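# Coordinates in review
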Amino acid sequence: MAKLILSMDGLVLKEIPLTKERTTIGRKPHNDIQIDNLAVSGEHAVIVTILNDSFLEDLGSTNGTIVNGNPIKKHFLQNNDVIELGKYKLKFVGEAAPAATGEKADFEKTMVLRPAAMKAAQAAGAGAGAQAAVAQRQAAVQAAGASATAAGIADKDARSTPAPAAPSAAAPTKPVQPLGAIQLLSGGNAGRELELTKPLTTLGKPGVQVAVLTRRPQGYFITHVEGDKRPTVNGQEIGAAPHSLKDHDVIELAGVKMEFFLKA
Amino acid sequence: MDLTQTLEIATCTDPGMVRSHNEDSIAADPANGLVVLADGMGGYNAGEVASGMATTVIVTEMRQILANARPYEIDQKNNQEVAALLLREQVLKANSSIYQAAQSQPQYAGMGTTLVVCLFYDNRVLVAHLGDSRLYLMREGKFRQVTRDHSLLQEQIDSGIITAEQAKRAAHKNLVTKALGIDPTVEPEIHEYPTKPGDIYLLCSDGLCDMVEDEDIGMTLHALGGNLKLAAQQLVQMANDNGGRDNVSVILVRVLREYPGPRGVMAKMFAWLK
């Protein structure tokens with residue numbers, strides 16, 4: 001279950017599980033999360049939780065609601081988002097993969113969410129309250145694990161695949177690699193340097209001879225694209241497959257010589 | 001009408017860096033101007049079965065029908081073009097084949113597949129899709145997405161709950177709201193667009209667009225448009241370099257020249273003689 005961790009000046013004050021569909025935040029005592037501080041409005045903000053997703057909405061507060069340093073009106077909460085209200089900080093911790101079922105959901109696998117199931121889930125979330133929603137979700141996950149269609153979700157895989165640690169970690173992390181560049185050694189622009197910052201850079205004359213330099217995690221590669229003649233690297237004509245480039249390789253293409261080198 | 005000389009087609013499919021098997025299926029029938037891409041789902045190897053059935057059924061059925069039918073004719077009964085009716089019919093046929101297999105054999109229970117199909121004819125392209133497999137178009141240097149995903153995420157973007165930027169980081173990228181073979185019947189989304197010589201169409205599974213930014217895909221097509229085969233390989237490689245978390249499939253189709261449907265007297269004579 002998703003929760004909020006309330007802290008001030010780096011001191012954790014309490015943890016608040018998001019069990020309700022609407023969790024209100026404000027200075028007045030009737031709020032679910034009461035923060036007795038004058039910088040906080042009476043009814044400051046609300047977090048709406050539907051199944052696994054939580055949305056934060058500012059309720060027209062005097063001093064506003066800030067998430068990760070940016071003022072927001074409405075925000076789809078992601079794992080580790082930090083909500084700031086005056087001096088107080090609320091860290092949002094998303095729901096971990098449900099361990100109770102034994103089977104873990106694979107967030108990468110495509111699944112079908114049939115409209116009927118979605119409506120039922122939404123109705124449960126909106127009407128019967130959060131507990132029903134949680135039950136619904138667990139049922140759905142269980143069903144997915146067992147590859148059953150009864151709950152309306154067809155899982156792509158019955159294998160027990162470990163879920164990624166956090167779905168937000170799915171963003172590809174590009175390893176740091178040295179930047180490559182080429183310097184023209186002959187032709188009208190001899191001496192000119194070109195940094196290879198893009199994932200791919202084309203060289204040559206369209207219709208005559210074109211090659212592409214690709215930037216990959218393993219380094220730089222040169223590939224022949226079009227033209228009867230292939231480019232040469234250190235005097236050797238390259239094949240059809242991408243050719244790995246090493247520091248100070250000399251490429252010749254459409255009559256122009258150039259040197260590839262890695263920048264420190 | 002044989003479109004082999006009119007369309008240049010390159011395909012590439014790869015299991016990616018994480019998955020052990022490839023649940024995507026692709027098929028192309030250049031002569032009839034038909035390309036099909038499907039991304040299967042279901043336990044064990046059922047995903048492959050579903051996507052394989054989808055591509056096979058659609059390609060073989062369409063091939064048989066197109067041998068005798070002219071897609072641009074107007075159907076007398078409901079005043080619609082034959083092509084759209086035929087394509088919808090074949091998609092439904094594939095749907096019931098998969099659904100019935102899933103119902104009758106326990107190991108295939110719950111299998112299904114996304115789908116994107118393009119039929120090129122008469123200077124036009126007819127596009128049918130279900131789920132989150134996409135069609136993009138590169139025209140005169142501009143790259144854009146043609147289809148809209150049938151996914152929970154897209155619905156949330158449409159209703160304004162989240163922005164496209166937030167969607168990129170959302171956890172539930174994988175939930176599609178429509179698919180082939182899940183229910184006894186399905187309504188594919190079908191649209192028709194005019195084509196231009198020089199257009200490059202890209203059909204891809206979510207393994208590409210989840211791993212590679214649209215901007216980078218566009219740049220690749222722009223840079224490597226001269227060599228479609230290489231462009232297809234490069235796209236798959238980029239998805240794999242970025243993590244390759246899912247199967248990656250791409251189909252690239254370039255329109256080389258105009259291909260109006262034969263409408264003259266001679267064509268009618270020829271059709272009649274056949």
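Residues numbered from 1 in each chain as written. Chains lettered and ligands numbered in written order. Predicted model: local features only at pLDDT ≥ 70, side-chain atom pairs only at ≥ 80, totals over all residues.

Counting secondary structure elements, chain A contains two helices and 23 strands. Within chain A, the fraction of its 264 residues that count as buried is 32%. Considering only intrachain contacts with a sequence separation of at least 6, the fraction spanning at least 24 residues in chain A is 40%. (Helix = DSSP H or I, 4+ residues; strand = E, 2+ residues; numbered from the N terminus. Buried ≥ 20, exposed ≤ 12 C-beta atoms within 10 Å, placed from the backbone. Contact = placed C-beta atoms within 7 Å.)

Bringing the overall build of chain B into the picture now. A tally of helices and strands in chain B yields eight helices and eleven strands. Every one of the 274 residues in chain B was classed for burial, and the buried ones make up 51%. Taking all contacts inside chain B whose residues are at least 6 apart in sequence as the whole, residues at least 24 apart take part in 71%.

Here we take up the sheet that holds strand β1 (residues 7-14) of chain B. Residue and element names in this part refer to chain B. Reading across the sheet, the five strands line up as β1-β11-β10-β6-β7 and stay open at both edges, with antiparallel pairing between neighbours. On the outer flanks of this sheet lie β1 and β7 (142-145), each paired with one strand and no other. Going across the sheet, the axis of each strand differs from the next one's by a mean of 15°, ignoring polarity. Of the pairings in the sheet, the one linking strand β10 (residues 200-204) to strand β11 (residues 248-255) comprises five bridges and is antiparallel in character. If you follow C204 over to β11, its bridge partner there is V250. Helix-sheet contacts for helix α6 (residues 214-224) involve β6 (134-139), β7 and β10, and the interaxial angle to β7 is about 135°. Lying on the sheet, helix α7 (residues 228-241) is in contact with β1 and β11; it crosses β1 at an angle near 25°. (Pairing = 2+ DSSP bridges. Axes fitted to C-alpha atoms, helices over the stretch in contact; angles between N-to-C directions.)

Our next topic: the packing of α6 of chain B against α7 of chain B. Residue and element names in this part refer to chain B. Between α6 and α7, the least distance of the axes is 9 Å, while the angle of their chain directions is 155°. Considering their axes alone, α6 and α7 lie roughly antiparallel with respect to each other. The two elements α6 and α7 meet at a crossing, and its hand is right-handed. Contact with α6, carried on its side by D216, I217, T220, L221 and L224, involves L230, A231, Q234, L235 and M238 of α7 and no other residues of that element. Classifying every residue of the contact of α6 with α7 by side-chain character gives seven nonpolar, two polar and one charged. (Parallel < 35°, antiparallel > 145°, perpendicular 65-115°, else oblique. Left-handed = near helix turned anticlockwise from the far one by under 90°. Nonpolar A, V, L, I, M, F, W, Y, C, P; charged D, E, K, R; others polar.)

Residues and elements named next belong to chain A. As for its position among the elements, K257 is in strand β23 (residues 256-262). Expressed as a C-alpha distance, the spacing of K257 and L184, which sit 73 residues apart in the sequence, is 6.1 Å. Setting aside its immediate chain neighbours within four residues, K257 contacts L185, S186, V250 and E252.

Residues and elements named next belong to chain A. Within chain A, residue pLDDT values average 75, and 70% of them lie at 70 or more. Predicted confidence in chain A is weakest over strand β13 (residues 153-154), with a mean pLDDT of 42, and strongest over strand β19 (residues 232-233), with 94. Here residues 97-105 scores under 50 on pLDDT; set against residues more than four positions off or in separate chains, the count is 18 contacts. In this model, residues 123-172 is a region of pLDDT below 50 whose contacts with residues beyond four sequence positions or in other chains number 100 contacts. (pLDDT = per-residue confidence, 0-100.)

This brings us to the nonpolar core. Within the largest apolar cluster, 101 residues are counted, with the highest numbers of intra-cluster contacts made by C118, L203 and V250 of chain B. Broken down by element, this core gets its largest block of residues, ten residues, from helix α1 (residues 46-66) of chain B. Not counting residues up to four positions away in its chain, the partners in contact with C118 of chain B are V35, V125, V127, L135, Y201, L203 and V253 of chain B. Ranked by size, the runner-up nonpolar core spans 15 residues in total, among them L4, I25, L77 and I83 of chain A. (Core = buried A, V, L, I, M, F, W, Y, C linked by C-beta atoms within 7 Å.)

What follows concerns the sheet that holds strand β4 (residues 33-34) of chain A. Ordered by their spatial adjacency, five strands build an open sheet running β4-β3-β5-β6-β9 (chain A), and the pairing between neighbours is mixed. Looking along the sheet, the strands with just one partner apiece sit at the ends: β4 and β9 (74-76) of chain A.

It is worth spelling out the environment of S25 of chain B at this point. Residue and element names in this part refer to chain B. Positionally, S25 belongs in strand β2 (residues 24-29). Considered as a pair, S25 and G52 are 27 residues apart in the sequence and their alpha carbons are 5.6 Å apart. S25 has contacts with A38, G40, S51, G52, A54 and T55, leaving out every residue within four places of it along the chain.

Right, let's talk about unusual backbone geometry for a bit. All names here are of chain A. Of note in this structure, N68 is not a glycine but carries a positive phi near 50°. Residues other than glycine seldom take positive phi values, yet H248 does so here, at roughly 70°. You can see H248 is positioned in the loop between β21 (243-244) and β22 (249-253). By C-beta crowding, H248 is classed as exposed, having 10 other C-beta atoms within 10 Å.

Bringing the packing of α1 of chain B against helix α2 (residues 82-104) of chain B into the picture now. Residues and elements named next belong to chain B. At a closest axis distance of 9 Å, the pairing of α1 and α2 adopts a crossing angle of 145°. The two elements α1 and α2 meet at a crossing, and its hand is right-handed. Facing A50, M53, A54, V57, I58, E61, M62 and I65 of α1, the residues of α2 in contact are L86, Q90, V91, K93, A94, S97, I98 and A101. In the contact of α1 with α2, the residues fall into twelve nonpolar, two polar and two charged.

Our next topic: the confidence of the model for chain B. Residue and element names in this part refer to chain B. Overall, the prediction assigns chain B a mean pLDDT of 90, with 96% of residues at 70 or greater. By mean pLDDT, helix α8 (residues 265-273) is the weakest element of chain B at 61, and β10 is the strongest at 97. With a pTM of 0.68, the predicted complex shows an ipTM of 0.75.

A few words on the pairing of strand β6 (residues 53-58) of chain A. All names here are of chain A. Relative to β6, strand β5 (residues 45-50) runs antiparallel, the two being bridged by six bridges. Opposite T49, over in β6, you have S54 as the bridge partner. Here β5 folds back onto β6 in antiparallel fashion, the turn holding two residues, of which L51 has a positive phi close to 50°. Taken together, the three bridges between β6 and β9 define a ladder with antiparallel strand orientation. What sits directly across from L56, in β9, is H75.

What follows is about the pairing of strand β2 (residues 11-17) of chain A. Residue and element names in this part refer to chain A. In terms of burial, β2 is a largely surface element, zero of the seven residues being buried. The pairing of strand β1 (residues 3-8) with β2 spans six bridges and is antiparallel. From the neighbouring strand, I5 faces β2, where its bridge partner is E15. Between the end of β1 and the start of β2, which pair antiparallel, lie two residues, with D9 showing a positive phi angle near 50°.

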